[in-house]
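Each chain is listed here by its residues.
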Amino acid sequence: MITTMAQKDCLMIAIKKNLLLLLTLLGVICGIGIGFAVRSSSPTSSVLLWLGLPGELYLRLLKMMIVPLIVSSVITGTASLHPKANGKIGIVSFVFVFITNALGTGLGVVSFYVLRPGVESGKSNDQSALETKPMETQDIFADMLRNIIPDNLFVATFQQTLTEYKYKDIVNTTSGKSSFAIVGKTLGSTSGPNLLGLIFACTLLGMATSALGKQGRPLIDVLDALTRVVIIIIRWLLWTTPVGVLSLILVPVAELDDVGSVFRDLGLFISAVVVGCFVQQIIVMPLILFVLTRRNPFRHMSAISRSWLISFAASSTAVAIPEMLTSCEVKLELDKRITRFTIPFSVTLSANGSAVFIACSCLFLSNISGIPTTTVTVLTVCFLTTMSALAIPSVPSASIVTIVMILSSLSIPIEPIALLLAVEFFLDRVRTTSSVVSHTMCAAVTHHMCKNILKDIEVNDDIQVEITSGENQKMLADTMAIELNGNIECTDK
């Protein structure tokens, strides 16, 4: 009897502890079920608008807090570090991001060749469904460099630099099809916070604050308090996640026109991307974590489960930043000075889940266009995908834009890309979860690689004490040396 009551108590404690997680899962299931039910009644655009409004408001609430959280957390994170540690942390984080992006590209290629989607499909019957406009590779990377160094920090909180093109419509007199050619370009902007520039500027501010020592301490205290306040607000807002998730998943499912034909034509492609992301999350990334840190990958995956679900619902890793910080600092016990730099940094540059999708999509679209995937094509796709993953433009369907860029550089028809839009809502969520796993593991690996330098800096930063009285100098110095473990330098004046 006592054992049964104890088990019930443990069960209730577990339910209360994971209540938000369970409610979020329930929201996902209900969203899919209600979505298919609503779809059968052919809902109007007005109905879909109101069904999707709770999800839109949920995202707006979370996005509202992203900029203050990143600004305060990055400055306090870097300011709390010794200047010697900042450089190593940045290098380790970037190397990890680049390698995982490259591994994601490789997984996309391997999953394509294992399942070979599009081989039997032939050319798409509706290649004119989407009119795509070309973009130049050099402009994407130039925009990335411009965004790293913003010319106005206030503008960077709500705008990014983006090259704008002037197009000319060209009609093929033989086939009757139209295409676009670039006839001019100007430097413009697009809405959305320039996170890359904010992280760079805040890193400089944090390092300068650290260099000031005691004089910079008041600023660190204010921003640290701001970080704590923002995190508390976000944790309040996260209790609206179940309703937001239900709405966000319900509407895309209800909007599907022909579920049977979509999944019949794209079934193998969907399987290839899902398998690639699954292998990435369950095998590759945990193996990297275990080899580099000897941490238990299963404990890590359990700790980030809530972040995983939030990113799946919102299809955005930026929205999951607060929960990732909480998981890493509280559940995984990582140094907050490291997590508050590496998480925003990784969110900005790391897109290994998108790398799986982009590489597999390019080869898939090449197949259904009747163009053989040669070794040169595969190598070119791998290189461009790995590099583009660091500079995916922050525009709607950003991965689709990157795929257009890669296909154009390989002279592969871009019209069949319309097929991807039918399943974009689902695959976008799948690849986002892969990126969340990578972001948190980047923090764990960086913590493991850099914890010794942090410990050395804390131990070796000797305290200088000036004692002006002559008679009691030795006694006072001996007493303080015992309390401070001997880290004391006595100066007689």
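None of these values were measured; they are calculated from a predicted model.

Draft legend 1. Expanded view of the packing of helix H13 (residues 305-314) against helix H14 (residues 321-331). Between H13 and H14, the least distance of the axes is 8 Å, while the angle of their chain directions is 170 degrees. One element, H13, and the other, H14, form an angle in the roughly antiparallel class. Every residue of H14 that contacts H13 at Arg 306, Ser 307 and Ile 310 is listed here: Glu 323, Met 324 and Ser 327. In terms of residue class, the contact of H13 with H14 is made up of two nonpolar, two polar and two charged.

Draft legend 2. Quick look at the environment of Thr 380. By secondary structure assignment, the location of Thr 380 is in helix H17 (residues 375-388). Considering only alpha carbons, one finds Thr 380 and Ile 406, 26 residues apart in sequence, at a separation of 8.7 Å.

Draft legend 3. Structural view of the packing of aromatic side chains. One pass over the structure, following the stated rule, counts five aromatic pairs. Considering the side-chain rings of Phe 341 and Phe 345, the 5.4 Å spacing of their centres and the 20 degrees angle between planes classify their relative orientation as stacked. Remark: Phe 345 and Phe 341 occur in helix H15 (residues 336-349); sequence separation between them is four residues, near one turn of the helix. As far as burial versus exposure is concerned, Phe 341 and Phe 345 are alike and both buried. Among the aromatic residues, ring-to-ring pairing joins Phe 269, Phe 357 and Phe 364 into one connected group. Positioned over the ring face of Phe 290 is Arg 294, at 5.4 Å from the centre of the ring. Seen from the ring of Phe 357, Arg 431 lies directly overhead, with NZ or CZ sitting 4.0 Å from the centre.

Draft legend 4. Structural view of the packing of helix H16 (residues 352-368) against H17. Where H16 contacts H17, the axes come no closer than 10 Å and their chain directions differ by 150 degrees. It follows from the interaxial angle that H16 and H17 lie roughly antiparallel. Seen from above, H16 lies across H17 with right-handed handedness. Of H17, the residues touching H16 (which contributes Ala 355, Ile 358, Ala 359, Cys 362 and Leu 363) are Val 378, Val 381 and Thr 385. Residue composition of the contact of H16 with H17, by class: seven nonpolar, one polar and no charged.

Draft legend 5. Molecular detail of unusual backbone geometry. In this structure, Arg 116 takes a positive phi of about 45 degrees despite not being glycine. Position of Arg 116 relative to the elements: it lies in the loop between helix H5 (83-115) and helix H6 (137-148).

Draft legend 6. Representation of the pattern of salt bridges within the structure. All told, the structure shown has eight salt bridges when counted by the stated rule. For Arg 217, the salt bridge is made with Asp 221, and the minimal N-O distance between the two is 3.2 Å. Separated by four residues within a single helix, Arg 217 and Asp 221 lie in helix H9 (residues 217-237), roughly one turn from each other. Judged by its relative accessible area of 41%, Asp 221 falls in the partly exposed class. A salt bridge links Asp 224 to Arg 228; its shortest N-O distance comes to 3.0 Å. You can see Asp 224 and its partner Arg 228 sitting in helix H9, four residues apart, about one turn around the helix. Residue Arg 228 is classed as partly exposed on the basis of its relative accessible area, which comes to 46%. A single network of salt bridges, built from pairs that share partners, joins Asp 224, Arg 228, Glu 329, Lys 336 and Arg 340.

Definitions and limits used
Residues numbered from 1 in each chain as written. Predicted model: local features only at pLDDT ≥ 70, side-chain atom pairs only at ≥ 80, totals over all residues. Heavy atoms only, no water. Axes fitted to C-alpha atoms, helices over the stretch in contact; angles between N-to-C directions. Helix = DSSP H or I, 4+ residues; strand = E, 2+ residues; numbered from the N terminus. Parallel < 35°, antiparallel > 145°, perpendicular 65-115°, else oblique. Contact = heavy atoms within 4.5 Å. Nonpolar A, V, L, I, M, F, W, Y, C, P; charged D, E, K, R; others polar. Phe/Tyr/Trp six-rings, centres within 6.5 Å; stacked < 30°, edge-to-face > 60°. Buried < 20%, exposed > 50% of the residue type's maximum accessible area, 1.4 Å probe, protein only. Lys NZ or Arg CZ within 6 Å of the ring centre and 35° of its normal. Left-handed = near helix turned anticlockwise from the far one by under 90°. Salt bridge = Lys/Arg side-chain N within 4 Å of Asp/Glu carboxyl O.

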